[in-house]
Amino acid sequence: MDFLLQLEQILKKRKKELPEKSYTADLFRGGVDRILKKVGEEAGEVIIAAKNADKKELTHESADLLFHLQVLLVERGLSLSDIVEELKKRHS
């Protein structure tokens, strides 16, 4: 799970620096609407992969969804820690 925190830091850096040849920076440049579109697309692909019961496909699509969700969280000034804290409140 440490990797997700490392990825969050990379995403924050991409948002700040907006390197030219970076897919992530392109998402940030496109703004929240572009990011939301990707989250929606990936969520749909997760649903289809789960319906097909293909573990490899579901793993791949879930990784895509999680990545784009993290981009959205960074865009909106939230972190995975914020989400974990919310989950802890619900399950304590």
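Here, every reference points to the structure presented above.
Residues numbered from 1 in each chain as written. Predicted model: local features only at pLDDT ≥ 70, side-chain atom pairs only at ≥ 80, totals over all residues. Heavy atoms only, no water.

### Focus: the pattern of salt bridges
Our working definition: Any carboxyl oxygen of Asp or Glu within 4 Å of a side-chain nitrogen of Lys or Arg constitutes a salt bridge here. Every helix listed is a DSSP run of H or I at least four residues long, and every strand listed is a run of E at least two residues long, numbered separately from the N terminus. Burial status follows relative accessibility: with a 1.4 Å probe on protein chains alone, a residue under 20% of its type maximum counts as buried, one over 50% as exposed, and anything between as partly exposed.
According to the stated counting rule, one finds seven salt bridges in the structure shown. The partner of Glu85 in a salt bridge is Lys88, and the shortest N-O contact between them spans 3.6 Å. With Glu85 and Lys88 both in helix α4 (residues 80-90) and three residues apart, this pair spans about one turn of that helix. Under the relative-accessibility criterion, Glu85 is labelled partly exposed at 42%. Residue classification places Lys88 among the partly exposed positions, given a relative accessible area of 48%. Overlapping salt bridges, with partners in common, bring together Lys38, Glu41 and Glu42 in one network.

### A short note on the packing of helix α1 (residues 2-17) against helix α2 (residues 23-52)
Heads up, the condition is: Here the axes come from fitting lines to C-alpha atoms, over the contacting stretch only for helices, and the angles between their N-to-C directions go from 0 to 180 degrees. For this classification, under 35 degrees means roughly parallel, over 145 means roughly antiparallel, 65 to 115 means roughly perpendicular, and everything else is oblique. The crossing is said to be left-handed when, going from far helix to near helix, the turn is anticlockwise and less than a right angle, and right-handed when the turn is clockwise. Contacts were defined at the residue level, with two residues in contact if any of their heavy atoms lie within 4.5 Å. When residues are grouped by polarity, Ala, Val, Leu, Ile, Met, Phe, Trp, Tyr, Cys and Pro land in nonpolar, Asp, Glu, Lys and Arg in charged, and all others, Gly among them, in polar.
Remark: α1 packs on α2, axes separated minimally by 9 Å, with the N-to-C direction vectors making an angle of 60°. By the angle between their directions, the pair α1 and α2 is classed as oblique. The interaxial crossing formed by α1 with α2 has right-handed handedness. In contact with Leu11, Arg14 and Lys15 of α1, α2 contributes Thr24, Ala25 and Phe28. Partitioned by chemical class, the residues of the contact of α1 with α2 number three nonpolar, one polar and two charged.

### A word on the environment of Gly40
For Gly40, the location among the structural elements is in helix α2. With 29 residues separating them along the chain, Gly40 and Leu69 place their C-alpha atoms 9.6 Å apart.

### Observations regarding the environment of Thr59
Assignment of secondary structure puts Thr59 in helix α3 (residues 55-75). As a C-alpha pair, Thr59 and Val46 span 13 residues in sequence and 8.6 Å in three-dimensional space.

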